[in-house]
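Breakdown of the fold
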Amino acid sequence: MEPRTADWRALGTGVRLVVVDGDLDAARSAVEDILAAVDLAYSRFRDDSEIVGLNARAGAVVALSPLLGRAIDAALRAAAATGGAVDPTVGRAMRAIGYDADFDRIRNPAGPIELRLEPIPGWQSVRLSANRSEVQVRRGVELDLGSVGKGLASDLSAAAALVAMQDVATAPDRCGVLVSLGGDIACAGSAPDGGWRILISEDSDTPADAPGEVVAIQTGALATSSTTVRRWRRGDADLHHLIDPRTGGSVDSPWRTASVAAASCVDANTAATASIVLGDAAVAWLGTAGLPARLVARDGSVTRVGGWPEPDDPPEPADAPGPNPAGPESSVVLGT
Amino acid sequence: MKTSARRSPADRDRAIARLRALTIGSSIASIAAVGGFGAMAALTYDGSPNGITTAAVTTADNGVTTGTTRTTTTGTTSSGTATTTATAAPTTTTGTAHAATGSS
């Protein structure tokens, strides 16, 4: 059976669902439920979300829902696995650089802001109980689950969609699903013949049938982080959403985009984001981790590591601007 | 958040049960995954300009490399291990893609 597709928007980004040998409506319903639960658990941009309530109670021991407990655990694991390059304690830093509302509301140019940058508190300021039912975040620390949270949402959505399809399928073993949440792709179940074909792009809004490098995966996940898409300006300062934990500002990386394949979307997104933050050290780190990755430098040149295939790909677009968090109309205070 | 008008209360109950199973079951899966991956790396990101150093990497009896995280009073994770799990490398292919990866 040919794969069938549904597209819609949720969590401020595009969702693509592709199923093979399964009930598309059942899969979509399952994904919508997961994304609604995710939105309520760890959206920074709705006042009634669980994580907003948690951040407001920093310093106290707070009971967690299973979903938020799972997400914080994933974020702490990501921080540990990357030595803190991907860290959930970037909430205040995000707000400091102006990312304090849904991106659609902040992307338009606005006046200069005063940037007071300082290293983030670090994931060691978070205590999560062994059963993930309680957490204590040091006073003054705000959590933002960011890329890990989105990757987890993709993983859970794919798993839930597969279960929902198998519940109503006559041949459950043949069911397969791909979920793309803003370009963070997770697969579950059986892949179509030849695998899941994925266009490697810097912008997840790129149509899947656009020209470019296409790779296939049979299982697991593939995610991309980039400094080129979620960008905004405040005065003369050019900002993006990937935080350097050392400075608390937008990271200044030799890589503008990183795509990584891994067993889960959490891991793929963690490694992709870490690659941007780690900079030149990312190549060795990815190699040691055995993670296939495609790194795009600022000048558009591509470095492939960990067995990422060499295609007959067209050249990347021209240079993209790097971050300039210290524009002339901004004051920057480094350190605490 | 857009919701589907197709769902009945029974559908909703099944969805909640599914989410509960996923969020609880993933704990077991994440621990089990430690024995199933090929390689991992743990780094210490100490904030210095060149502050990426390999650290806290040990080799378990089964030959799988694992990274131990802080297990004392801060930054603890539920299983005490932190890994990134590798998978087979993508392959080059042709034809229209099912989806596009990219930043959002």
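Computed from a predicted structure; not experimentally measured.

**Let's talk about the packing of helix H1 (residues 24-42) of chain A against helix H3 (residues 66-81) of chain A**
Residues and elements named next belong to chain A. At a minimum axis distance of 9 Å, the contact between H1 and H3 shows a crossing angle of 75°. Judged by the angle between their axes, H1 and H3 are roughly perpendicular. Counting all contacts with H1, which are made through Ala37, Val38, Ala41 and Tyr42, the residues of H3 involved are Leu67, Leu68 and Ala71. Along the lines of polarity and charge, the residues of the contact of H1 with H3 split into seven nonpolar, no polar and no charged.

**Regarding the sheet that holds strand E5 (residues 134-137) of chain A**
Residue and element names in this part refer to chain A. The strand order across the open sheet formed by three strands is E3-E5-E4, and the pairing between neighbours is antiparallel. Of all strands in the sheet, those with a lone pairing partner are strand E3 (61-63) and strand E4 (126-128), marking the two edges. When strand polarity is set aside, the average angle formed by the axes of neighbouring strands in this sheet is 25°. With three bridges joining them, E3 and E5 adopt antiparallel strand pairing. Of the residues in E5, the one forming a bridge with Val62 is Val135. Helix-sheet contacts for H3 involve E4 and E5, and the interaxial angle to E4 is about 125°.

**Things to note about the nonpolar core**
Residues and elements named next belong to chain A. Among the nonpolar cores identified, the biggest contains 85 residues, and Leu17, Tyr42, Leu54, Ile72, Val135, Val177 and Leu286 are the most heavily contacted of them. It is H1 that contributes the most residues to this core, eleven residues altogether. Setting aside its immediate chain neighbours within four residues, Leu17 contacts Arg4, Thr5, Ala6, Trp8, Leu24, Ala27, Arg28, Val31, Val177, Leu178 and Val179. Judged by nonpolar contacts, the second largest core, of 14 residues, contains Val20, Cys187, Ile198 and Leu222.

**Thoughts on the sheet that holds strand E6 (residues 176-181) of chain A**
All names here are of chain A. Strand order across the open sheet formed by eight strands is E1-E2-E6-E7-E10-E13-E14-E15, with antiparallel pairing between neighbours. If you trace the sheet from one side to the other, it starts and ends with strand E1 (4-10) and strand E15 (302-305), each paired once. Direction aside, neighbouring strands of the sheet carry axes that sit 10° apart on average. Note: strand E10 (residues 221-226) against strand E13 (residues 255-262), six bridges, orientation antiparallel. Opposite Ala221, over in E13, you have Ala262 as the bridge partner.

**Brief notes about the pairing of E1(A)**
Across a regular strand the side chains alternate sides, sitting on one face of the sheet and then on the other. All names here are of chain A. By the bridge criterion, seven bridges tie E1 to strand E2 (residues 13-20) in an arrangement that is antiparallel. Considered in E2, the bridge of Ala6 is made with Leu17. From the end of E1 to the start of E2, which pair antiparallel, there are two residues, and Leu11 there has a positive phi angle of about 50°.

**Describing the packing of aromatic side chains**
Counted according to the given criterion, the structure contains zero aromatic pairs over all chains. Residue placement shows Arg28(A) over the ring face of Trp8(A); its charged tip is 4.3 Å from the ring centre.

**As for the confidence of the model for chain A**
Residue and element names in this part refer to chain A. On average, chain A scores 87 in pLDDT, and the residues at 70 or more come to 85%. Least confident of the elements in chain A is helix H5 (residues 103-106), whose mean pLDDT is 59; most confident is E6, at 98. For residues 320-336, every residue scores under 50 in pLDDT, and the model assigns this stretch 50 contacts once sequence neighbours within four places are set aside.

**Section: unusual backbone geometry**
Residue and element names in this part refer to chain A. One non-glycine residue, Asp21, lies in positive phi territory at about 50°. By the element assignment, Asp21 lies in the loop between E2 and H1. A residue is classified by how much of its surface remains accessible, and Asp21, at 23% relative accessible area, is partly exposed. Phi is positive for Arg132, close to 65°, though the residue is something other than glycine. Mapping Arg132 onto the fold places it in the loop between E4 and E5.

Conventions used here
- Residues numbered from 1 in each chain as written.
- Chains lettered and ligands numbered in written order.
- Predicted model: local features only at pLDDT ≥ 70, side-chain atom pairs only at ≥ 80, totals over all residues.
- Heavy atoms only, no water.
- Axes fitted to C-alpha atoms, helices over the stretch in contact; angles between N-to-C directions.
- Helix = DSSP H or I, 4+ residues; strand = E, 2+ residues; numbered from the N terminus.
- Parallel < 35°, antiparallel > 145°, perpendicular 65-115°, else oblique.
- Contact = heavy atoms within 4.5 Å.
- Nonpolar A, V, L, I, M, F, W, Y, C, P; charged D, E, K, R; others polar.
- Pairing = 2+ DSSP bridges.
- Core = buried A, V, L, I, M, F, W, Y, C linked by side-chain atoms within 4.5 Å.
- Buried < 20%, exposed > 50% of the residue type's maximum accessible area, 1.4 Å probe, protein only.
- Phe/Tyr/Trp six-rings, centres within 6.5 Å; stacked < 30°, edge-to-face > 60°.
- Lys NZ or Arg CZ within 6 Å of the ring centre and 35° of its normal.
- pLDDT = per-residue confidence, 0-100.

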